[in-house]
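Working through the structure, step by step
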Amino acid sequence: MDGSAIPTSDFKMVKSRGILVPRDPAVMTAKLRRKLRMDAYEAKEAQAAMRCVSAGDTVIELGGGIGFISTLIAKKRDVAAVHSFEANPHLAPFHAQMHAANGVTTVTTHNAILAARKGKPQPFYVREDFLASSLEEEVNGMPVKSVEEVEVLGLNAVFNELKPDILICDIEGAEADLLPNLKYDRLRGAIIELHPQWIGPRGVRRVFDAMHANGLTYYPQWSDQKVVCFRKDWATK
C-alpha cells in the first residue's frame, strides 16, 4: 500500500453503520459527510455485503473507493482477508486511516488495476474531486491535478493467487469489459454494481453471462436495482 497515513487523531470522525470515517478534508466533502451520517453512502452495496459475506471468507473488492465497504466487512464479519484494489494512489493513505480508526487488520489495499492480463502501467488522472479521478484523461472538462502510473495486474492470476470466496465490484462501467475475462469457479458469491447508463443492455448481459459462466446465478433477494448479487448455492444462507 502506497502513501503514509496521517494519524487519525488529527481528524474528527463521522460515524456510519458503526464505522468511523476520518473527516480528512482531502477526501471528505459536505455531500459525502451527509450521506455517511444518514447511512446512505454505498447503502445498497453495504446491505448486500452484510448478507453475502461470512466468517472466514476471503474477499476481493474491485474499486475500493474511500475504503468504507472493505472496513465494514472486516469489522462486522470475522473474515480471513479483504483485498481491496483501488486505482487512485491518493486514497491509499485514507484507507490506512480508516483501518486504524476501526481497529481493522485484515484488509490489504492494492494500488493496482486488474485487466485481462498483466500489462504496462497505465496513467491515472487525479482530480480535486476524487470521485472524478479516473483512467480517462477528459472528464467533463475537469482539470487534472496529477497523473500517476498505476500497476496493471492479470485478473485470473490475482484470483488464483488470492483464492477469494466473494467478489465485490464497483468499477464505474469497466465491469462489462473486465468480468467476461474471469475464469475462476471457486466464488461462492458476487456483488456487482452495474452502470447501465454507460455499459447499456449489451454490457449488462455480458456481466450476467460472465457470472453464470463462473458458476454463479442471479439472486434477486439480495439484489437492489443496480446492485446485483449472484450466488453459487441458493440452498445455503
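Preceding this paragraph is the structure being described.
Below is a short write-up of the structure. (Residues numbered from 1 in each chain as written. Predicted model: local features only at pLDDT ≥ 70, side-chain atom pairs only at ≥ 80, totals over all residues. Heavy atoms only, no water.)

For the coordinates displayed, the defined rule picks out 2 salt bridges. We note a salt bridge from arginine 206 to aspartate 177, for which the minimum N-O separation is 3.6 Å. Pair noted here: arginine 206 is in helix α7 (residues 196-213) and aspartate 177 is in helix α6 (residues 175-178), with a separation of 29 residues, a long-range link. (Salt bridge = Lys/Arg side-chain N within 4 Å of Asp/Glu carboxyl O. Helix = DSSP H or I, 4+ residues; strand = E, 2+ residues; numbered from the N terminus.)

Estimates place the volume of the second largest pocket at around 210 Å³. Lining the second largest pocket are 14 residues, and of these Ala26, Val27, His90, Phe130 and Lys145 sit closest to its centre. Tallying contributions element by element places helix α4 (residues 92-101) first for the lining of the second largest pocket, with 3 residues. (1 Å grid on protein atoms, 1.4 Å probe; cavity = no way out; pocket = protein on both sides within 12 Å on 5 of 7 lines; lining within 4 Å. Points joined across faces, edges and corners; volume = space filled by probe spheres on them.)

Glancing now at the side chain of histidine 195. With respect to the secondary-structure elements, histidine 195 resides in the loop between β10 (189-193) and α7. For histidine 195, a relative accessible area of 3% puts it in the buried group. Those residues in contact with histidine 195 that sit more than four places away from it in its chain are Asp170, Ile171, Glu172, Gly173 and Glu175. (Buried < 20%, exposed > 50% of the residue type's maximum accessible area, 1.4 Å probe, protein only. Contact = heavy atoms within 4.5 Å.)

One finds Val21, Ile66, Phe68 and Ile73 to be the most contacted residues of the largest nonpolar core, which totals 36 residues. The set of elements that each furnish at least two residues to this core consists of β2 (19-22), α1 (30-37), α2 (43-52), α3 (68-76), α4, β9 (166-169) and β12 (227-231). Once you skip the residues sitting within four places of it in the chain, isoleucine 66 turns out to touch Val21, Val27, Leu32, Tyr41, Phe94, His95, Met98 and Phe130. Counting 30 residues, the second-largest nonpolar core is a separate cluster that includes Ala176, Leu179, Ala210 and Leu216. (Core = buried A, V, L, I, M, F, W, Y, C linked by side-chain atoms within 4.5 Å.)

Of all 10 residues in α4, 9 are buried; the element is thus mostly enclosed. Taken as a whole, α4 has its buried residues at Ala92, Pro93, Phe94, His95, Ala96, Gln97, Met98, His99 and Ala101. The secondary structure elements touched by the buried residues of α4 are β1 (13-16), β2, α3, β4 (81-85) and β5 (107-110). Positioned one or two residues after α4, glycine 103 has a phi angle of 65 degrees, which is positive.

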